[in-house]
Protein chains: 2
Amino acid sequence: MGNAPKAKLLYFTAKMKIYDISMGIREDMPVYKNKKEKKPELKATRTLENGANESKLILDLHIGTHADAFFHMLANGKTIEKIQLEKFIGSCIVLDFAKARNKITINDIKRNNSIKKIKKNDIVLLKTRKSPMKKFNYNFTYLEKSGAEYFAGKNIKLIGIDALGIERDQKNHDTHKILFRKNIPIIEGLELSKIKPGRYFFIGLPLKIKDGDASPIRAILVEW
Amino acid sequence: MGNAPKAKLLYFTAKMKIYDISMGIREDMPVYKNKKEKKPELKATRTLENGANESKLILDLHIGTHADAFFHMLANGKTIEKIQLEKFIGSCIVLDFAKARNKITINDIKRNNSIKKIKKNDIVLLKTRKSPMKKFNYNFTYLEKSGAEYFAGKNIKLIGIDALGIERDQKNHDTHKILFRKNIPIIEGLELSKIKPGRYFFIGLPLKIKDGDASPIRAILVEW
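Predicted model, so just to flag it, every value in this text is computed and none were measured.

K.L.:
Got a minute to help me understand the interface of chain A and chain B in this structure?
P.N.:
Many descriptions give the size of an interface as the accessible area lost when the pieces come together. Counting from both sides, the interface comprises 59 residues of chain A and, opposite them, 59 residues of chain B. Ranked by residues supplied to the side of chain A that touches chain B, first place goes to strand β3 (residues 54-60) of chain A with seven residues. A class-by-class count of the residues in the side of chain A that touches chain B yields 27 nonpolar, 15 polar and 17 charged. Bridge count between β3(A) and strand β3 (residues 54-60) of chain B: five bridges; the pairing is antiparallel. Note on β3(B): the bridge partner recorded for I58(A) is I58(B).

See the structure below:
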């Protein structure tokens, strides 16, 4: 068991409290700009009368709760299966930006006292909504370029947001690129409406999709 | 931070050793009985010249490393998004059955001294191969009905195997049903060839696919 005594490990397992922070993958889920071609489809390929229920899923990689790989926006960026898994698991801080209007700028960040609690190698999640997403909001709160620069300078592992995108209305996709160039993958489409800002343990591993520009994930926060 | 002191949590994050035990999702991956219709397809829907690399994945839910939901074999069984997440994370034991021929029966189990180490609520992973799966093996080692009955009586959380199926050649799919009726989901297609038998912490969360009979997962073992 390496360095961890067995008894301790069992203790952690028993004491886990899990918060599911993932959107459901369903045909009627909200998708970016309500594009029909982004909706997932689940098709039965076999049923119990023939021995088993089986099905096939047609899935846009950028729907619901998903991780963007660097290749999404950078020609020479890593695809999803090549990004180290350590990025997607670890100590996490949920920051409250529900009061930010339209976008999170460096000024919104400076006004948020909790940013002082960010530590090296943290996973940072931005909460912008207080209720579950029922439909796509064209005016969703995004992380503006100046905000992205702030977090890119913080030696964080990963950043996430509860909107279906981390940016909009920035022609050159600066927010994505600023973060990606600092080796920070992006999680979009989190469901944080019931999560209190504060510190947790985050798990949200991407599928091992060869050449994937993104992956849907099941994301959770754990308290031990 | 609930009951766990912050310093302890940071310690765990820093000391993590992660073993990826997932198969890659790729068009040339081995699939059950080499059925062409089971191979995944990744199709680009947008490229960088248009602002971003994006794509769509067509995915049989039972390929590679995946979790079977009870609905896969039981008419009234839960679909994947309804199974509690606690099942898919926790203390885990990897058992060596590389010497079992064709199938793991109750006799193979009784001959394995490590089975005494199984604890209530464990996640049990069966290792049957010593090298990575390069192609589908029609004679893969499976968990025979008598073996399934043994594990079903053990109050375990979850069971997994490194073959693409947990059973074959049992007309009524007894192994699946015996385990499912005891509320034990099944992980198939693990990649355990480089993993030493013993105790670990397992994480392998299914996607939240509405009405899913299964889900691909990214599965890892962690040592702290």
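K.L.:
What is the right way to look at the sheet that holds strand β2 (residues 41-46) of chain A in this model?
P.N.:
Backbone hydrogen bonds are what pair the strands of a sheet, in a parallel or an antiparallel way. One open sheet holds the four strands; their spatial order is β2(A)-β3(A)-β3(B)-β2(B), and the pairing between them is antiparallel. With one partner strand each, in any of the chains shown, β2 of chain A together with β2 (41-46) of chain B form the two edges of the open sheet. Sheet twist, expressed as the average angle between the axes of neighbouring strands with direction ignored, equals 15 degrees.

K.L.:
How should I be thinking about the sheet that holds strand β10 (residues 186-188) of chain A in this particular structure?
P.N.:
Residue and element names in this part refer to chain A. A sheet is described by the order of its strands in space; here nine strands give the open sequence β1-β13-β11-β5-β7-β9-β10-β4-β12, paired in mixed fashion. Of all the strands in the sheet, the pair left with one neighbour each is β1 (17-20) and β12 (214-216). Pairs of neighbouring strands in the sheet enclose a mean axial angle of 30 degrees, with direction left out of account. Here strand β9 (residues 158-161) pairs with β10 via two bridges, running parallel. The residue of β10 that forms the bridge with I159 is I186.

K.L.:
Would you take a moment to explain the relation of the copies chain A and chain B for this structure?
P.N.:
Mapping between the two copies of the chain is achieved by a rotation about an axis and a shift along the axis. Of the transformation superimposing chain A on chain B, the axial component is 0.0 Å and the angular component is 180 degrees, with the fit at an RMSD of 0.0 Å. Overall, the copies show the geometry of a two-fold rotation axis. Taking C-alpha positions as reference, the residue of chain A nearest the rotation axis is I58(A), located at 2.3 Å. Counting the interface residues of chain A, we find that 98% of their copies in chain B are interface residues as well, pointing to one common contact surface.

K.L.:
Help me out: how do you make sense of helix α3 (residues 145-152) of chain B in this one?
P.N.:
Side chains that are three or four residues apart share a direction in an α-helix, a result of its 3.6 residues per turn. Among the residues making up α3(B), those that are buried are G147(B), A148(B), Y150(B) and F151(B). The buried side chains of α3(B) occupy one side of the element, clustering within an arc of 155 degrees when seen end-on.

K.L.:
In this structure, what is going on with the environment of D213(A)? I would like to understand it.
P.N.:
Checked against the element boundaries, D213(A) lands in the loop between β11 (198-203) and β12. Assessed through the 26 C-beta atoms surrounding it within 10 Å, D213(A) is described here as buried. Counting along the chain gives 142 residues from D213(A) to F71(A), while the straight-line C-alpha distance between them is 5.4 Å. Setting aside chain neighbours within four positions, we find D213(A) in contact with L61(A), A69(A), F71(A), H72(A), T79(A), I80(A), N53(B), E54(B) and S55(B).

K.L.:
Can you help me understand the pairing of strand β13 (residues 220-223) of chain B in this one?
P.N.:
A regular strand places its side chains so that they alternate between the two faces of the sheet. All names here are of chain B. Examined bridge by bridge, strand β1 (residues 17-20) and β13 share four bridges and lie antiparallel to one another. Within the sheet, the bridge partner assigned to K17 lies in β13 and is E223. The pairing of strand β11 (residues 198-203) with β13 spans three bridges and is classified as antiparallel. Its bridge partner being in β13, F202 is matched across the sheet by L221.

Calculation criteria
Residues numbered from 1 in each chain as written. Chains lettered and ligands numbered in written order. Predicted model: local features only at pLDDT ≥ 70, side-chain atom pairs only at ≥ 80, totals over all residues. Contact = placed C-beta atoms within 7 Å. Helix = DSSP H or I, 4+ residues; strand = E, 2+ residues; numbered from the N terminus. Nonpolar A, V, L, I, M, F, W, Y, C, P; charged D, E, K, R; others polar. Pairing = 2+ DSSP bridges. Axes fitted to C-alpha atoms, helices over the stretch in contact; angles between N-to-C directions. Least-squares fit on C-alpha atoms with pLDDT ≥ 70 in both. Buried ≥ 20, exposed ≤ 12 C-beta atoms within 10 Å, placed from the backbone. Arc of directions from axis to C-beta.

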